[in-house]
Amino acid sequence: SVMSTLGAITLNLSFILYCFFYLPQLWHNLQKNHIKNLSFSFHALLTMSACADLYYAFGRIEQWQYRVVSLIMLSCVLIQHLQWYAYVENRQKPSLKFLTLSFFIVASIAGLSISTSKFQFGSLIFLLAGWIERLGYLLYALPQIIKNRYTASANSINIKFVLLALCLGILDWISALIYHWGSASIIGTPISILLHLWLLKQCTFQRFDTNT
């Protein structure tokens, strides 16, 4: 049918875009003044979501595409974590918030093998991880939007990353409607789209102000 064909197209396009959508931001972070204006809450939410998504992918999802994307996204946030240490922490004694997030990353990765064993509470952990990654991925842009407003600067965010995130949000929403993924995706994804539109507006006006 037409809907099943459309669903297959959106899923395949999403898989391709998810494989590299965060790369523009990682390249953007290489300039020290850019990542210094990045909200740590933005980074922390994205990191926690990626860790939770890894649990959800290997605990509840059988499709290899989803697992590949979760591994790629985790790799990206780990690179950003190292960039934060190099440019913001200045390779000195790490701050408490950085150490706390680092411990969370290590504990999450180490605990995955334990959680995938035949414990009775395993399914509950994976379900909880699914909700954590969904809420985190929906809201991670909000701290950066707030920081951009107070600093009157949006140079920490790459506009190509925001555009790719917007495209992915639209594709995910279409897939959610076609495949009936549930209220978290059907209702939550438009919220993420609106937040990224707001972030895109900030990035666009910042670029305009810089050029003028």
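Cut-offs used in this document
- Residues numbered from 1 in each chain as written.
- Predicted model: local features only at pLDDT ≥ 70, side-chain atom pairs only at ≥ 80, totals over all residues.
- Heavy atoms only, no water.
- Helix = DSSP H or I, 4+ residues; strand = E, 2+ residues; numbered from the N terminus.
- Buried < 20%, exposed > 50% of the residue type's maximum accessible area, 1.4 Å probe, protein only.
- Contact = heavy atoms within 4.5 Å.
- Axes fitted to C-alpha atoms, helices over the stretch in contact; angles between N-to-C directions.
- Parallel < 35°, antiparallel > 145°, perpendicular 65-115°, else oblique.
- Nonpolar A, V, L, I, M, F, W, Y, C, P; charged D, E, K, R; others polar.
- Expected span 1.5 Å × (residues − 1).
- Arc of directions from axis to C-beta.
- Patch = residues over 30% accessible without salt bridge, like charges linked within 9 Å, V, L, I, M, F, W, Y side chains within 5 Å.
- Areas by Shrake-Rupley, 256 points an atom, 1.4 Å probe, with all protein chains shown as cover.
- Salt bridge = Lys/Arg side-chain N within 4 Å of Asp/Glu carboxyl O.

Asks: Just give me the short version of unusual backbone geometry, but keep the residues and values in it.
Replies: Even without glycine at this site, Asn-90 takes up a positive phi of about 60 degrees. Tracing the sequence through the fold places Asn-90 in the loop between α5 (64-87) and α6 (96-115).

Asks: An account of the environment of Ser-14 is needed here, citing residue identities and associated values.
Replies: Its location among the elements puts Ser-14 in helix α1 (residues 2-18). What makes Ser-14 buried here is its relative accessible area of 5%. In the structure, Ser-14 is positioned 153 residues away from Cys-167 in sequence and 8.5 Å away in space, judged by C-alpha atoms. Ignoring sequence-local partners within four residues, the contact set of Ser-14 consists of Leu-168, Leu-171 and Asp-172.

Asks: I'd like a rundown of the packing of helix α4 (residues 40-60) against helix α8 (residues 141-151), residues and numbers included.
Replies: Their axes nearest at 7 Å, the elements α4 and α8 cross at an angle of 175 degrees. Judged on the interaxial angle alone, α8 and α4 are roughly antiparallel. Within the contact between the two elements, α4 uses Ser-41, Phe-42 and Leu-45 and α8 uses Ala-141, Pro-143 and Gln-144. For the contact of α4 with α8, the class distribution of residues is 4 nonpolar, 2 polar and no charged.

Asks: Describe in detail α1, supporting the description with residues and values.
Replies: An ideal rise of 1.5 Å per residue puts 24 Å on 17 residues; α1 measures up with 24 Å between its terminal C-alpha atoms. Listing the buried residues of α1 in full gives Gly-7, Thr-10, Ser-14 and Leu-17. Mapping the buried residues of α1 onto a view down its axis gives an arc of 100 degrees, with all of them on the same face.

Asks: Could you give an account of a nonpolar patch on the surface, with specific residues and numbers?
Replies: Nonpolar side chains collect at one region of the surface, where Ile-9, Leu-13, Ile-16, Phe-20 and Leu-23 lie side by side and expose about 430 Å² of accessible area between them. Tallying contributions element by element places α1 first for the nonpolar patch, with 3 residues. Mapping Leu-13 onto the fold places it in helix α1. Leu-13 gets classed as partly exposed once you look at its relative accessible area, which sits at 41%.

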